[in-house]
Amino acid sequence: MAIDTAIVTPVTAEAYALALDAADPLAPFRDRFHLPPGRVYLDGNSLGLLSRDAERETLTALEQWKTLAVGGWLEADPPWFTLGEDLGAMTAPLVGAEPGSVVVAGGTTVNLHALVATFYRPEGRRRKIVATALDFPSDVYALAAQVHLHGGDPATDLVLIPSDDGRTIDEAGIIAALTDEVALALLPSVLYRSGQLLDIPRLAAAARERGVSLGFDCAHSIGAVPHDFDAWDVDWAFWCSYKYLNAGPGAIGGLYVNRRHWGTAPALPGWWGYEKARQFDMAFDWRSAEGAGAWQIGTPSLLASAPLRGSLRLFAEAGIGALRAKSLAQTGYLIDLLEMDGLLAPPFGYGIGTPREAARRGGHVAVEHPEGPRIARALKVRGVVPDFRAPNVIRLAPVPLYTSFHDVWQAVRALREVVAGGEHLRGEAGRELVA
Ligand SMILES: *Cc1c(COP(=O)(O)O)cnc(C)c1O
């Protein structure tokens with residue numbers, strides 16, 4: 001973000017951060033959130049903050065339950081009966097999909113199972129699943145179990161693409177692994193530790209050419225990065241709503257199924273995925289709902305989805321394109337400050353694990369340090385909330401809806417002062433139970 005004061009104010013000055021905030025058209029959204037008092041919150045990639053909009057929707061949901069009771073399934077506005085489809089349509093612009101291709105349901109790992117069970121069809125030589133060695137562990141547990149369910153052995157049938165540098169995965173290496181022995185691939189859109197954003201359209205095109213069903217785990221990209229799933233012809237995807245979507249701890253998740261696959265019978269069906277008009281016929285024959293709604297399993301939680309409704313309105317107001325532009329400006333500014341302040345050299349010794357190119361960055365910056373766990377604790381003592389991923393990654397996520405440039409500036413100052421003053425050496429070693 002270019003500003004006039006740059007001529008006279010050095011980028012590392014506090015005044016520069018304040019000038020960036022003053023010039024930021026998205027700055028007013030910050031007041032729509034409950035910010036933890038006295039804290040600089042940079043952990044929105046793990047748990048997003050509560051907005052007033054989400055809070056209001058939750059209170060409305062309680063009121064509807066109070067006054068409508070069972071009548072709410074049809075009489076609530078909008079009716080609870082089509083909650084998943086309705087919120088799916090509101091989410092669709094964030095993933096570049098037609099409304100019927102998205103449904104809000106389940107949770108990340110549950111949706112992974114529902115989709116992989118459906119689209120993993122090992123046959124003849126094509127038995128393998130491709131994922132990456134830097135995946136979130138839940139995905140690897142689930143994929144190994146799916147291989148087992150088909151009588152396979154994960155040691156041979158689950159191929160984890162290795163990383164050359166322990167941080168990133170090379171797209172060319174993934175594509176080379178999509179041989180005629182591969183039935184399905186599941187990739188993270190953004191790697192949870194380093195924050196690398198994979199080239200989704202390139203991978204989707206390569207998978208199609210090779211006859212591999214390819215899905216994306218978008219837990220770290222939904223709400224942070226624009227997606228264009230229909231145009232990129234992605235097969236399927238899923239995500240959670242409690243990170244950048246700010247829908248609250250354990251909020252209901254979401255999934256995408258390309259129109260090409262509508263009508264495929266879900267492998268883990270439940271009555272909530274039945275053709276809506278006949279669901280209450282209670283008949284035993286299976287009729288898939290049209291679109292992604294067929295992958296719902298059971299009754300969705302009204303209370304775990306109400307905050308999402310409020311939050312999605314904020315996204316519609318701000319626009320994911322504008323949010324992405326600010327996010328890149330903020331992560332770029334954070335990286336610049338670390339460099340210009342000398343924090344990447346001794347005696348500080350921080351490193352950056354996130355790709356420098358904007359097009360390969362998700363929403364957070366992975367700041368590495370051998371004393372990572374203790375520095376993360378010392379930052380919290382100072383009121384800066386990062387999160388930490390073993391063994392040495394301090395993740396800092398400026399969230400464009402509520403993080404200011406001044407927050408970023410304060411976080412970098414804290415990184416410097418913690419090490420300069422040896423503050424981290426006074427704390428306990430080792431990570432916390434939830435880190
Ligand atoms: C956060 C996250 C999950 C979490 O799974 P849940 O089922 O929602 O607990 C899964 N995968 C990735 C990549 C994540 O970042």
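Residues numbered from 1 in each chain as written. Predicted model: local features only at pLDDT ≥ 70, side-chain atom pairs only at ≥ 80, totals over all residues. Heavy atoms only, no water.

## Observations regarding helix α6 (residues 137-149)
Argument step 1. Taking 1.5 Å of rise per residue, 13 residues should cover 18 Å, and α6 covers 18 Å from first to last C-alpha, within 8% of that figure.
Argument step 2. Of all the positions in α6, only S138, D139, A142, L143, A144, Q146 and V147 are classed as buried.
Argument step 3. G151 sits one or two positions beyond α6 and adopts a positive phi of about 75°. (Helix = DSSP H or I, 4+ residues; strand = E, 2+ residues; numbered from the N terminus. Expected span 1.5 Å × (residues − 1). Buried < 20%, exposed > 50% of the residue type's maximum accessible area, 1.4 Å probe, protein only.)

## Side note on the sheet that holds strand β9 (residues 351-352)
Argument step 1. The strand order across the open sheet built from four strands is β9-β10-β13-β12, with neighbouring strands paired in antiparallel fashion. In this open sheet, the two edge strands, each paired with only one partner strand, are β9 and β12 (387-389).
Argument step 2. In terms of strand pairing, β9 meets strand β10 (residues 365-368) through two bridges, oriented antiparallel. Bridge assignment links I352 to a residue of β10, and that residue is V367.
Argument step 3. Seen against the sheet, helix α12 (residues 320-340) touches β9, β10 and β13 (393-396) and runs at an angle of roughly 20° to β10.
Argument step 4. Packing of helix α13 (residues 372-381) onto the sheet brings it into contact with β12 and β13, and relative to β13 it is tilted by some 40°. (Pairing = 2+ DSSP bridges. Contact = heavy atoms within 4.5 Å. Axes fitted to C-alpha atoms, helices over the stretch in contact; angles between N-to-C directions.)

## Observations concerning the pairing of strand β6 (residues 213-217)
Within a regular strand, side chains alternate between the sheet's two faces.
Argument step 1. The buried count for β6 comes to five of five residues, which makes it a mostly enclosed element.
Argument step 2. Where burial is concerned, the two faces of β6 agree: the one with S213, G215 and D217 and the one with L214 and F216 are both buried.
Argument step 3. Sheet topology note: the strand β5 (residues 182-188)/β6 ladder contains five bridges and is parallel. By the bridge assignment for β6, L184 is matched with S213.
Argument step 4. Read from β5 through helix α9 (residues 200-209) to β6, the crossover connection turns out right-handed.
Argument step 5. Note that β6 and strand β7 (residues 236-239) share three bridges and pair parallel. Opposite D217, over in β7, you have F238 as the bridge partner. (Right-handed = clockwise from strand over helix to strand, strands pointing away.)

## A closer look at unusual backbone geometry
Argument step 1. At the junction of D77 and P78, the peptide bond is cis and its omega measures out at -5° in the coordinates.
Argument step 2. For P78, the position within the fold is in the loop between α3 (72-75) and α4 (83-95).
Argument step 3. The linkage connecting P346 with the following residue, P347, adopts the cis geometry, with an omega of 5°.
Argument step 4. Along the chain, P347 falls in the loop between α12 and β9.

## Examining the sheet that holds β6
Whenever strands of a sheet pair, they do so through backbone hydrogen bonds, lying parallel or antiparallel.
Argument step 1. On the basis of which strands lie adjacent, the open sheet formed by seven strands has the order β2-β8-β7-β6-β5-β3-β4 and mixed pairing. Both edges of this open sheet fall to β2 (102-104) and β4 (158-161), since each of them pairs with a single strand only. Recorded for the sheet is a direction-independent mean angle of 20° between the axes of neighbouring strands.
Argument step 2. For strand β3 (residues 128-132) and β5, the ladder comprises three bridges, and the chain directions are parallel. Its bridge partner lying in β5, K128 is registered against V182.
Argument step 3. Together, β3, β4, β5, β6 and β7 form the strand contacts of α6, whose direction differs from that of β4 by roughly 150°.
Argument step 4. Contacting β5 and β6, α9 runs over the sheet at an angle of about 155° to β6.

## Here we look at the site of the ligand
Argument step 1. Surveying the vicinity of the ligand reveals the residues T108, T109, F136, D139, D217, A219, H220, Y242 and K243.
Argument step 2. Take T109: an N or O atom from its side chain is 2.6 Å from an oxygen atom of the ligand.
Argument step 3. The side chain of D139 places a nitrogen or oxygen atom 3.3 Å from a nitrogen atom of the ligand.
Argument step 4. Summarising the interface, the protein chains cover 82% of the accessible area of the ligand, which totals 390 Å² for the free molecule.
Argument step 5. Within the shell around the ligand, the residues separate by chemical class into three nonpolar, three polar and three charged. (Near = heavy atom within 4 Å. Polar contact = N/O pair within 3.5 Å; in protein donor to acceptor, adjacent residues only side chain to side chain. Areas by Shrake-Rupley, 256 points an atom, 1.4 Å probe, with all protein chains shown as cover. Nonpolar A, V, L, I, M, F, W, Y, C, P; charged D, E, K, R; others polar.)

## Notes on the environment of S138
Argument step 1. As for its placement among the helices and strands, S138 is situated in helix α6.
Argument step 2. Judged by its relative accessible area of 17%, S138 is buried.
Argument step 3. Taking the C-alpha atoms as reference, S138 lies 18 Å from L214; in sequence the two are 76 residues apart.

## Some details on the domain arrangement of the protein
Argument step 1. Under the domain assignment, the protein is made up of domain 1 (14-32 + 319-423) and domain 2 (55-315).
Argument step 2. Each of domain 1 and domain 2 has a C-alpha centre, and the two are 29 Å apart.
Argument step 3. Counting residues at the interface gives 25 residues for domain 1, matched by 20 residues for domain 2.
Argument step 4. Taken together, both faces of the contact between domain 1 and domain 2 bury some 2,000 Å²; the carbon and sulfur share is 57%.
Argument step 5. Broken down residue by residue, the surface that domain 1 buries against domain 2 is led by I320, R360 and H364, which jointly contribute 27%.
Argument step 6. Connecting domain 1 to domain 2 are one salt bridge.
Argument step 7. Where R167 meets E368, a salt bridge forms, and the shortest distance between an N and an O atom there is 2.6 Å.
Argument step 8. Our count for the contact surface shared by domain 1 and domain 2 stands at nine residue pairs in polar contact (both at pLDDT 80 or more). (Domains from an automatic or database assignment. Buried area = accessible area lost by both parts, 1.4 Å probe. Salt bridge = Lys/Arg side-chain N within 4 Å of Asp/Glu carboxyl O.)

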